[in-house]
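Reading the structure
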Amino acid sequence: MVLRSEPTARQMRLAIELRRLREAAGFTAREAAALLGVSAPQISQIEAGLSGVSEKRLRRLASHYACADEDFIDALVAMATDRTRGWWEEYRGLLPTSFLDLAELERHATFLCEVAILHVSGLVQTEEYARAVFSSRVPELTPEELELRVRHRMQRQRFTIPYELVIHEAALRIRVSDRSASRAQLAKLLQLSEADDITVRVVPFDLDGFTRASSTMTYVGGPLPKLDTVVRDAPHGSVFIDSEAQLNAYRTRFRMVKDVSLEPDQSRDFIHKLAKEL
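Quick word on empty space enclosed by the protein
Throughout the structure, instances matching the rule amount to two cavities of 30 Å³ or more. For the largest cavity, the full set of lining residues is Val-120, Tyr-129, Ala-171, Leu-172, Ile-174, Ser-182, Gln-185 and Leu-186. Looking at the lining of the largest cavity, the elements that each hand over two or more residues are α9 (169-173) and α10 (179-193). Ranked by residues supplied to the lining of the largest cavity, first place goes to α10 with three residues. Grouping the constituent residues of the lining of the largest cavity by class yields six nonpolar, two polar and no charged. Estimated volume of the second largest cavity: approximately 30 Å³. Contributing to the lining of the second largest cavity are Leu-18, Ile-43, Ile-46, Glu-47, Leu-61 and Tyr-65. Per-element tally for the lining of the second largest cavity: the top contributor is helix α3 (residues 40-47), with three residues. For the lining of the second largest cavity, a count of residues per class yields five nonpolar, no polar and one charged.

In structure tokens:
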């Protein structure tokens, strides 16, 4: 079997969950290998995301690990057997892997929640706004690299799942380009906020209590809560967070941010007022 040279985030999540199941059951990799009649290195490769696992072997492992959560097992099987080639694969080798992993994660999400502090979220950016954001990158991108990133970002916006955005007034006011681009960006936010599956909430400067939870984040819903993921931006790319303790912390963070935000109707009025000021 040819080993993967670069597992995707989804493949890595499956690998991590299988390792967690084994460790919770108290088995070593060697013992798990004996249960399947394979070598210990094969188990290590599966748990590193370097090798796939069949539905039959996955279900056997879950049975040996005494995992009785059928919905969870079914979700893992779906991850293990999915052979869909997503649109993001056309960018493999052209964009950083984190771009592809994020698109894959969003493709399989059941809902999305975001908190945006300094920039409008990529999922609702206009093309001009996105180009301005990428143009400010250091080191500078070549024209070809810039256009690839903009095109990839626009394709990510073709989602059809529930999406909730809490955005700070700072992100609405900061001009990443010029006055015209800012006006167009606010207009797009207003338009999207009218959609049934999109909710936009604003945190104005003059609301109290925001510093308790003032951090940019993307919360991605999985098929089950234990398969949710939080995405945080870092200097070297996106960081994917999936431990139960951290997921619970970020669920609380998002709730806290929502608690100090305006209601959707008030938020639309607020954005409309900002647009008129431009």
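Following the structure, the description resumes.
So, the packing of helix α2 (residues 29-36) against helix α4 (residues 55-64)
The geometry of α2 relative to α4 is characterised by a closest axis approach of 10 Å and an angle of 120° between their N-to-C directions. Viewed along their axes, α2 and α4 adopt a mutual orientation that is oblique. Once α2 is placed against α4, the crossing between them reads as right-handed. Across from Ala-32, Leu-35 and Leu-36 in α2, the residues of α4 making contact are Arg-57, Arg-60, Leu-61 and His-64.

Some points on the packing of helix α7 (residues 127-135) against helix α8 (residues 143-156)
The contact between α7 and α8 brings their axes to 9 Å, and the two run at 135°. The angle between α7 and α8 falls in the class oblique. Taken as a pair, α7 and α8 cross one another with a handedness that is right-handed. For the pair α7 and α8, contact is made by Glu-127, Ala-130, Arg-131, Val-133, Phe-134 and Ser-135 and by Leu-146, Glu-147, Arg-149, Val-150, Arg-153 and Met-154, respectively. Of the residues that constitute the contact of α7 with α8, the class distribution is six nonpolar, one polar and five charged.

Some details on the nonpolar core
One finds Tyr-163, Ile-167, Leu-172 and Ile-271 to be the most contacted residues of the largest nonpolar core, which totals 31 residues. Secondary structure elements with two or more residues in this core: α6 (97-107), β1 (111-116), α7, β2 (163-168), α9, α10, β3 (198-203) and α12 (264-277). If you tally residues by element for this core, the top one is α12, at four residues. Formed by 26 residues, the second largest nonpolar core is a distinct cluster that contains Ala-33, Ala-62, Ala-75 and Ala-80.

Examining the side chain of Ser-261
Counting through the fold element by element, Ser-261 comes out in the loop between α11 (244-259) and α12. By relative accessible area, which is 10% here, Ser-261 ends up buried. Only 2.7 Å separates the side chain of Ser-261 from the backbone oxygen of Lys-258, close enough to count as a polar contact. With residues up to four places along the chain from it excluded, the contact list for Ser-261 reads Val-166, Arg-201, Val-202, Val-203 and Leu-207.

Some remarks on the pattern of salt bridges
This model, assessed by the stated rule, comprises 27 salt bridges. Here Lys-273 makes a salt bridge to Glu-277, at a shortest N to O gap of 3.0 Å. With Lys-273 and Glu-277 both in helix α12 and four residues apart, the pair spans about one turn of that helix. In the salt-bridge network here, residues are joined through shared partners; they are Arg-13, Glu-17, Arg-20 and Asp-242.

Considering the pairing of strand β4 (residues 217-221)
The buried count for β4 comes to five of five residues, which makes it a mostly enclosed element. Because side chains alternate across β4, one face comprises the buried residues Met-217, Tyr-219 and Gly-221, and the other comprises Thr-218 and Val-220, equally buried. Bridge analysis of β1 against β4 gives five bridges, and the strand direction is antiparallel. Bridging from a neighbouring strand, Cys-113 pairs with Tyr-219 of β4.

Some thoughts on unusual backbone geometry
A cis geometry characterises the amide bond from Val-138 onward to Pro-139, with omega recorded as 0°. As for its placement among the helices and strands, Pro-139 is situated in the loop between α7 and α8. With phi around 60°, Ala-66 is a residue other than glycine that occupies positive phi space. Its location among the elements puts Ala-66 in the loop between α4 and α5 (70-81).

Parameters at a glance
Residues numbered from 1 in each chain as written. Predicted model: local features only at pLDDT ≥ 70, side-chain atom pairs only at ≥ 80, totals over all residues. Heavy atoms only, no water. 1 Å grid on protein atoms, 1.4 Å probe; cavity = no way out; pocket = protein on both sides within 12 Å on 5 of 7 lines; lining within 4 Å. Points joined across faces, edges and corners; volume = space filled by probe spheres on them. Helix = DSSP H or I, 4+ residues; strand = E, 2+ residues; numbered from the N terminus. Nonpolar A, V, L, I, M, F, W, Y, C, P; charged D, E, K, R; others polar. Axes fitted to C-alpha atoms, helices over the stretch in contact; angles between N-to-C directions. Parallel < 35°, antiparallel > 145°, perpendicular 65-115°, else oblique. Left-handed = near helix turned anticlockwise from the far one by under 90°. Contact = heavy atoms within 4.5 Å. Core = buried A, V, L, I, M, F, W, Y, C linked by side-chain atoms within 4.5 Å. Buried < 20%, exposed > 50% of the residue type's maximum accessible area, 1.4 Å probe, protein only. Polar contact = N/O pair within 3.5 Å; in protein donor to acceptor, adjacent residues only side chain to side chain. Salt bridge = Lys/Arg side-chain N within 4 Å of Asp/Glu carboxyl O. Pairing = 2+ DSSP bridges.

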